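Here are the chains, one letter per residue:
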Amino acid sequence: MHKVDELHAHLNGSVSFSTIKKLVARKPHLNIEHGMTAIRSGQRRTLDECFQVFKVIHQLVDTEEDILMVAKDVIREFAADGVKYLELRSTPRKEKTTGMTKRRYVETVIEAIRQCKNEGVDIEVRFLVAVDRRNGAEVAMETVKLAEDFMLSTDGLVVGLDLSGDPTVGHGRDLLPALQKAKNCGLKLSLHLSEVPSQADESELLLNIPPDRIGHGTYLHPEVGGSQSLVDTVRKHNTPLELCLTSNVKGQTVSSYSQHHFLYWYQMGHPSVICTDDKGVFCTDLSQEYQLAASTFNLSQEDMWTLSQKAIDCTFAPDLKRQVRFPFTED
Ligand SMILES: CNc1ncnc2c1ncn2[C@@H]1O[C@H](COP(=O)(O)O)[C@@H](O)[C@H]1O
Ligand SMILES: [Zn+2]
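All figures in this text were calculated on a predicted structure; none of them were measured in a lab.

Trainee: Tell me about the packing of helix α3 (residues 64-80) against helix α4 (residues 102-118), and please be specific about residues and values.
Mentor: Packed helices, taken two at a time, are described by the angle their axes make and the gap between the axes. In the contact formed by α3 and α4, the axes pass within 9 Å of each other and the chain directions differ by 40 degrees. The pairing of α3 with α4 is recorded here as oblique in orientation. Like other packed secondary-structure pairs, α3 and α4 cross with a definite hand, here right-handed. Together, Glu 64, Ile 67, Leu 68, Ala 71, Lys 72 and Ile 75 of α3 and Arg 104, Tyr 105, Thr 108, Val 109, Glu 111, Ala 112, Ile 113, Gln 115 and Cys 116 of α4 make up the contact between the two elements.

As structure tokens, this is what we get:
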């Protein structure tokens, strides 16, 4: 399978079963079982239930040691799946009980990236600091400042800002000043947009920033209740979409694989990148997502090759392009 880039992966959603087992062994008193942290094949959950799953994982990952282990494991797993360039994203969390601060949280993820590099793991990793929309405007602004500090101090490892979290909570208009500040200081912006219906107003507002990439964009186009003007704005700015098939089907924002909006954008020739979103929670990996796209939409080997090649143009670390492209061989 041809794949080089994973551009949409939430750290705590990407925790594998084997890492969960190690975390559970560290915290037996929590009485957490794997069934509570993952949605297996054939299972579906509402998006709301997915967000409950993240809460459980956050309980398991609440110290610097946990973050370091989780981040290193996730990076190694993507590398083992053949990913050569990974943009990880994660929401800095403060944990009163363990003394973890948001700054230490980010430092620890950066440390994990550096350790993997020193250990010779064959993958380039960059980091996006995530804003959880349910935490409101003030936290968003603080997070942007934190992200800016790290962008300036990590020699290019922190490349951008992600907006994510429960799409049914809050409104993007409150976060606009923070997002605009991020853009102005040189952070690349990847925004979860129109993941659920009824976000058209918000999307219109946020698309005009404009973001550098869009997460999901499930309900942007008119056939699903979005609008032609939203689509036109996306096309005008040529903003790439990060598309996550299994995540959307298991989270029930898309009714079946064949109904996935991948087809709408792909047929239009619009830059679309296949991603995993939360490979741990949704029990998938990037190979599987490419395979699903191929089998669902009848894509040839050549189509797949082109698709994975085009992802390179959507990364937030343009200086890496040649290094990523060269080792890319057909298998
Ligand atoms: C399924 N669709 C989704 N939609 C929106 N946000 C999502 C998401 N999947 C994950 N996240 C965001 O990522 C966090 C977990 O990773 P981190 O603790 O940040 O590493 C979740 O709490 C949520 O804010
Ligand atoms: Zn996501």
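Trainee: Go over helix α8 (residues 228-237), please, and point to the residues and values.
Mentor: Those residues of α8 not exposed but buried are Leu 230, Val 231, Thr 233 and Val 234. Viewed end-on, α8 has its buried residues packed into an arc of 160 degrees, placing them on one side of the element. Considering only its buried residues, α8 is in contact with α7 (200-207), β6 (213-216), β7 (241-243) and α10 (262-267). Directly after α8, the chain includes Asn 238, whose backbone phi takes a positive value near 55 degrees.

Trainee: Before we move on, could you go through the pairing of strand β2 (residues 85-90) and cite the residues and values that matter?
Mentor: Burial of β2 is extensive: 6 of the 6 residues sit out of reach of the surface. The side-chain alternation of β2 yields two buried faces, one formed by Tyr 85, Glu 87 and Arg 89 and the other by Leu 86, Leu 88 and Ser 90. Relative to β2, strand β1 (residues 5-10) is paired through 4 bridges, and the arrangement is parallel. Note that in β2 the partner of Glu 6 across the bridge is Leu 86. Relative to strand β3 (residues 124-132), β2 runs parallel, the two being bridged by 6 bridges. From the neighbouring strand, Arg 89 faces β3, where its bridge partner is Leu 128. For the segment spanning β2, α4 and β3, crossover handedness is right-handed.

Trainee: Describe the coordination of the zinc ion (ligand 2), and please don't skip the residues or the numbers.
Mentor: Looking at the zinc ion (ligand 2), the protein donor atoms are His 8 (NE2), His 10 (NE2), His 192 (NE2) and Asp 277 (OD), and they sit 2.1 to 2.2 Å from it. Given 4 donor atoms and angles of 81 to 168 degrees at the metal, the environment of the zinc ion (ligand 2) is assigned as irregular. Written as a sequence motif, the donor arrangement for the zinc ion (ligand 2) is H-x1-H-x181-H-x84-D. The class for His 8 is buried, based on a relative accessible area of 0%.

Trainee: Give me the side chain of His 10: which residues, what numbers.
Mentor: Residue placement: His 10 occurs in strand β1. There is a polar contact of 3.2 Å between the side chain of His 10 and the side chain of His 8. In contact with His 10, not counting residues within four places along its chain, are Arg 89, Asp 162, Ser 164, His 192, Asp 277 and Asp 278.

Trainee: How would you explain the side chain of Asp 278 if you had to name every residue and give the values?
Mentor: Counting through the fold element by element, Asp 278 comes out in the loop between β8 (272-274) and α11 (286-297). This buried residue, Asp 278, is left without a salt bridge; Arg 89 holds the nearest opposite charge, at 8.7 Å. Ignoring anything within four residues of it in the chain, the contact list for Asp 278 reads His 10, Gly 13, Ser 14, Phe 54 and Cys 283.

Trainee: Can you break down α7 residue by residue, with the values?
Mentor: Buried within α7 we find Glu 202, Ser 203, Leu 206 and Leu 207. Buried positions in α7, seen along its axis, are confined to an arc of 125 degrees and lie on one side of it. Buried residues belonging to α7 abut β4 (158-164), α6 (172-184), β5 (188-193), β6 and α8.

Trainee: Any details on the pairing of β4? Residues and values, ideally.
Mentor: Looking along a regular strand, one sees the side chains alternate between the two faces of the sheet. Counting buried positions along β4 gives 7 out of 7 residues, so the element sits mostly inside the fold. Pairing of β3 with β4 involves 6 bridges; the strand directions are parallel. What sits directly across from Ala 130, in β4, is Asp 162. A crossover connection joins β3 to the parallel β4 through helix α5 (residues 136-153); in handedness this β-α-β unit is right-handed. A crossover links β4 with its parallel partner β5, the connecting element being α6, and its sense is right-handed.

Trainee: With reference to specific residues and values, describe the pattern of salt bridges.
Mentor: Applying the stated criterion across every chain yields a total of 23 salt bridges. Among the ionic pairs, Lys 279 bridges to Glu 77, the shortest N-O distance being 2.6 Å. You can see Lys 279 sitting in the loop between β8 and α11 and its partner Glu 77 sitting in helix α3, a full 202 residues away along the chain. Judged by its relative accessible area of 8%, Lys 279 falls in the buried class. Glu 124 is paired through a salt bridge with Arg 126; the nearest N and O atoms lie 3.1 Å apart. Taking relative accessible area as the criterion, Glu 124 reaches 15% and is therefore assigned buried. Taken together, the salt bridges that share partners define one network made up of Lys 22, Lys 72, Asp 73, Arg 76 and Glu 119.

The rules behind these values
Each chain has its residues counted from 1, running along the sequence as written. Throughout, the order in which chains and ligands are written sets their labels, letters from A for the former and numbers from 1 for the latter. A pLDDT threshold of at least 70 governs which residues receive local features in this predicted model, and a stricter bar of 80 or more applies before side-chain atom pairs are shown or counted, although totals over entire chains, interfaces and linings include all residues. The basis for the side-chain values is all heavy atoms of the structure; hydrogens and waters are excluded. The convention used is that axes are lines fitted to C-alpha atoms, helices contributing only their stretch in contact, and that angles between N-to-C directions extend from 0 to 180 degrees. We count a stretch as a helix when DSSP gives it H or I for four or more residues in a row; a strand needs E for two or more, and each element gets its number in order from the N terminus. Each angle is binned into one of four classes, with values under 35 degrees roughly parallel, values over 145 roughly antiparallel, values of 65 to 115 roughly perpendicular, and all other values oblique. Here a crossing is called left-handed whenever its near helix is offset anticlockwise from the far helix by less than a right angle, and right-handed whenever the offset is clockwise. Contact between two residues is taken to exist if any of their heavy atoms lie within 4.5 Å; hydrogens are not considered. Per-residue accessibility, obtained with a 1.4 Å probe over protein chains only, is compared with the maximum for each type, and a residue is labelled buried under 20%, exposed over 50%, and partly exposed between these values. What the arc measures is the spread of directions leading from the helix axis to the C-beta atoms. Here a strand pair is declared whenever DSSP counts at least two bridges between the two strands. Note on handedness: a crossover is taken as right-handed if, strands pointing away from the viewer, the path from the first strand over the helix to the second is clockwise. Metal donors were taken as nitrogen, oxygen and sulfur atoms no farther than 2.8 Å from the ion, or 3.2 Å where the ion is Na, K or Ca. Water is excluded, so coordination may look unfinished. Every angle between 85 and 135 degrees makes a four-donor site tetrahedral, while opposite donors more than 155 degrees apart, with all other angles between 65 and 115, make a four-donor site square planar and a six-donor site octahedral; other sites are irregular. For this analysis, a polar contact is any N or O atom pair within 3.5 Å, provided that within protein one partner can donate a hydrogen and the other can accept it, and provided that sequence-adjacent residues contribute only side-chain to side-chain pairs. Neither His nor the chain termini are counted; the positive set is Lys and Arg, and the negative set is Asp and Glu. A carboxyl oxygen of Asp or Glu within 4 Å of a side-chain nitrogen of Lys or Arg is what we treat as a salt bridge.

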